[in-house]
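Chains, contacts and geometry: an overview
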Amino acid sequence: RKAAPVKTRGLPGRPKLPEGRSTESKARAAEPKEPRKRVLPKREDGPSVASEAARALAIQVATAALDKKAMGLEIIDVAGRIDYADFLILMTGRSDRHVVALAQGIEDALSKVGKRPLSTEGLPHARWVLMDFGDVVVHVLQEEARGTYDLDGLWIDARRIPVPQTPDNAPN
């Protein structure tokens with residue numbers, strides 16, 4: 001059994017194109033197209049718009065985390081890119097107990113200077129603990145969770161703040 005031929009021109013109910021229109025379209029379609037390039041935003045080289053108070057708080061959090069042996073600590077300046085924080089701090093704990101110890105150590109150290117988190121989430125399972133200090137949001141993740149969610153990759157184009165040096169993490 002033969003299939004019915006498919007009509008490509010002169011379909012009922014469709015207006016015909018003005019003269020020359022179809023040839024222009026064909027000419028444009030025949031032109032070689034440039035491949036689309038994915039343009040990543042560049043890291044900003046100018047001054048940060050983050051407040052000095054937020055920067056100081058981020059350094060205090062990082063110092064407290066390093067005192068508890070946090071691994072892979074990064075301070076990411078997201079001021080002007082998101083509206084809920086100026087800094088994101090990412091760090092890795094070796095186990096659920098280490099993640100809890102990091103979160104507790106950060107909370108204890110900052111409570112001594114009168115700073116308490118507005119919210120802390122994820123402590124029961126301790127795969128990923130999020131601590132919200134207002135302008136600074138802290139993510140304490142186990143290594144598997146950090147690799148899965150790849151927050152580092154999400155903010156690859158954001159400015160990094162140097163991690164404070166302690167005797168344990170200083171270069172030899």
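Residues numbered from 1 in each chain as written. Predicted model: local features only at pLDDT ≥ 70, side-chain atom pairs only at ≥ 80, totals over all residues. Heavy atoms only, no water.

Of regular secondary structure, the protein possesses five helices and six strands. Ordered by position in the sequence, the α and β elements of the protein form the string α-α-β-β-α-β-β-β-α-α-β. Here the protein holds 172 residues, and the buried ones make up 34% of them. Taking the intrachain contacts of the protein between residues at least 6 apart in sequence as the baseline, contacts between residues at least 24 apart amount to 60%. Accessible surface for the protein amounts to roughly 12200 Å². Of this, 53% is attributable to carbon and sulfur atoms. (Helix = DSSP H or I, 4+ residues; strand = E, 2+ residues; numbered from the N terminus. Buried < 20%, exposed > 50% of the residue type's maximum accessible area, 1.4 Å probe, protein only. Contact = heavy atoms within 4.5 Å. Areas by Shrake-Rupley, 256 points an atom, 1.4 Å probe, with all protein chains shown as cover.)

Here Asp-157 shows up in the loop between helix H5 (151-154) and strand E6 (159-161). In terms of polar contacts, Asp-157 uses its side chain to reach the side chain of Arg-81, at 3.0 Å. (Polar contact = N/O pair within 3.5 Å; in protein donor to acceptor, adjacent residues only side chain to side chain.)

Once that is clear, we can look at the packing of aromatic side chains. Overall, the coordinates contain one aromatic pair when judged by the stated rule. With 4.8 Å between their ring centres and 45° between their planes, Trp-128 and Tyr-149 make a pair best called tilted. Taken together, the residues Trp-128 in strand E4 (residues 128-132) and Tyr-149 in helix H4 (residues 143-149) connect sequence positions 21 residues apart. In this structure Trp-128 comes out as partly exposed when scored by relative accessible area, which is 27%. On the basis of relative accessible area, Tyr-149 is assigned to the partly exposed category, the value being 42%. (Phe/Tyr/Trp six-rings, centres within 6.5 Å; stacked < 30°, edge-to-face > 60°.)

Interpretation of the predicted coordinates at a detailed level should be avoided for regions scoring low in pLDDT. Confidence in the prediction for the protein averages 81 pLDDT; 69% of positions are at 70 or higher. Summarising per-element confidence for the protein, the mean pLDDT is lowest in helix H1 (residues 21-30) (54) and highest in strand E5 (residues 136-142) (97). Contacts of residues 37-43 to residues separated by more than four positions or lying in other chains number six contacts, the stretch itself having pLDDT below 50. (pLDDT = per-residue confidence, 0-100.)

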